[in-house]
Amino acid sequence: MIASIGFLRGSNGIGVFLRRPWLWPLALLLSVMVAQPAQARLQCVPYARDHSGIELRGNAHLWWGAAEGRYERGQEPEVGAVMAFRSSRAMPLGHVAVVAQVIDERHILIDHANWSTPGGIETGVPVVDVSEAGDWSEVRVWYGPSGSLGSRHNPVAGFIYAGSAPSVQPVITVAQASLPDNIGG
């Protein structure tokens, strides 16, 4: 669409369309083809999946539970881990982001999508642990439009690590019995 706007601002300006009325439908068609529908914007889930290697599906608030038994989970941020936000009034579907850097025990940088602007991607975003226990259960996240940390405290379930969870093998005990002892019931 930007290209078509530049075209309209050419040396002849709008006069091009007045002399060639058939260009109006063509210009409208091109603008519709270039514009992205709202559902085509990048969401946090596909961004986190593509940038972490964690193959989970579903809304962000479901990732913490879906990771159980498939991926290691914990409360400590690690580079490459997915920070799984719980749903809240402000985020009914939750949110997921990839840890880009651990600065210290209460500060990290994340990469994520669809936070400050619809469909937008942000990298190196500051996050501060504001939980009383220092357990990353509540954070504040940088908000681009304000140019500062957001005022909202966001609930976090924890971190999902890219390595697979250890497989738990069921314990099966097979009883040994001799055939003569079991004949005749």
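Above this text you will find the structure in question.
Residues numbered from 1 in each chain as written. Predicted model: local features only at pLDDT ≥ 70, side-chain atom pairs only at ≥ 80, totals over all residues. Heavy atoms only, no water.

Draft legend 1. Structural context of the environment of leucine 149. By secondary structure assignment, the location of leucine 149 is in strand β7 (residues 148-149). On the basis of relative accessible area, leucine 149 is assigned to the partly exposed category, the value being 24%. Taking the C-alpha atoms as reference points, leucine 149 and valine 139, separated by 10 residues in sequence, lie 9.9 Å from one another. When near neighbours in sequence (up to four residues on either side) are disregarded, leucine 149 contacts Pro126, Val128, Arg140, Val141, Trp142 and Tyr143. (Helix = DSSP H or I, 4+ residues; strand = E, 2+ residues; numbered from the N terminus. Buried < 20%, exposed > 50% of the residue type's maximum accessible area, 1.4 Å probe, protein only. Contact = heavy atoms within 4.5 Å.)

Draft legend 2. Spotlight on the side chain of serine 52. One can find serine 52 in helix α4 (residues 44-52). A relative accessible area of 12% means that serine 52 is categorised as buried. A polar contact is formed between the side chain of serine 52 and the backbone oxygen of alanine 48, at a distance of 2.6 Å. (Polar contact = N/O pair within 3.5 Å; in protein donor to acceptor, adjacent residues only side chain to side chain.)

Draft legend 3. Structural view of the pairing of strand β8 (residues 154-164). Taken together, the three bridges between strand β1 (residues 71-74) and β8 define a ladder with antiparallel strand orientation. Residue arginine 73 lies in a different strand from β8, and its bridge partner there is isoleucine 160. Pairing geometry for strand β2 (residues 82-85) and β8, over four bridges, is antiparallel. Within β8, the position partnered with valine 82 by the bridge is isoleucine 160. (Pairing = 2+ DSSP bridges.)

Draft legend 4. Structural context of the environment of arginine 70. Looking at the element boundaries, arginine 70 is found in the loop between α5 (63-67) and β1. A C-alpha to C-alpha distance of 9.8 Å links arginine 70 and alanine 162, two positions 92 residues apart in sequence. At 3.1 Å, the side chain of arginine 70 forms a polar contact with the backbone oxygen of glutamate 55.

Draft legend 5. Focus on a negative patch on the surface. On the surface, a cluster of negative charge is made up of Glu76, Glu78, Asp104 and Glu105. In this structure, glutamate 78 sits in the loop between β1 and β2. (Patch = residues over 30% accessible without salt bridge, like charges linked within 9 Å, V, L, I, M, F, W, Y side chains within 5 Å. Areas by Shrake-Rupley, 256 points an atom, 1.4 Å probe, with all protein chains shown as cover. Salt bridge = Lys/Arg side-chain N within 4 Å of Asp/Glu carboxyl O. Lys, Arg positive; Asp, Glu negative; His and termini not counted. Charge placed at Lys NZ, Arg CZ, Asp CG, Glu CD.)

Draft legend 6. Inspection of the layout of surface pockets at higher detail. Estimates place the volume of the largest pocket at around 290 Å³. Looking at the largest pocket, it is lined by 14 residues, and the ones nearest its centre are Cys44, Leu93, Gly94, His95 and Asn114. Counted by class, the lining of the largest pocket contains eight nonpolar, five polar and one charged residues. (1 Å grid on protein atoms, 1.4 Å probe; cavity = no way out; pocket = protein on both sides within 12 Å on 5 of 7 lines; lining within 4 Å. Points joined across faces, edges and corners; volume = space filled by probe spheres on them. Nonpolar A, V, L, I, M, F, W, Y, C, P; charged D, E, K, R; others polar.)

Draft legend 7. Structural context of α4. Among the residues making up α4, those that are buried are Cys44, Val45, Tyr47, Ala48, Arg49 and Ser52. Along its buried surface, α4 packs onto α5, β2, β3 (95-104), β4 (107-113), β5 (121-129) and β8. Just downstream of α4, glycine 53 is the residue with a positive phi angle, here 80 degrees.

Draft legend 8. Up close: the packing of aromatic side chains. For the structure shown, the criterion picks out two aromatic pairs. Ring geometry for phenylalanine 85 and tryptophan 115: centres 5.8 Å apart, planes at 40 degrees, overall tilted. Of this pair, phenylalanine 85 sits in strand β2 while tryptophan 115 sits in the loop between β4 and β5, placing them 30 residues apart in sequence. Judged by relative accessible area, which is 16%, tryptophan 115 ranks as buried. Ring centres 6.0 Å apart and planes at 75 degrees place the aromatic pair tryptophan 136 and phenylalanine 159 in the edge-to-face group. Placement of the pair is tryptophan 136 in the loop between β5 and β6 (138-143) and phenylalanine 159 in strand β8, with a sequence separation of 23 residues. The class for tryptophan 136 is buried, based on a relative accessible area of 1%. The exposure class assigned to phenylalanine 159 is buried, which follows from its relative accessible area of 0%. (Phe/Tyr/Trp six-rings, centres within 6.5 Å; stacked < 30°, edge-to-face > 60°.)

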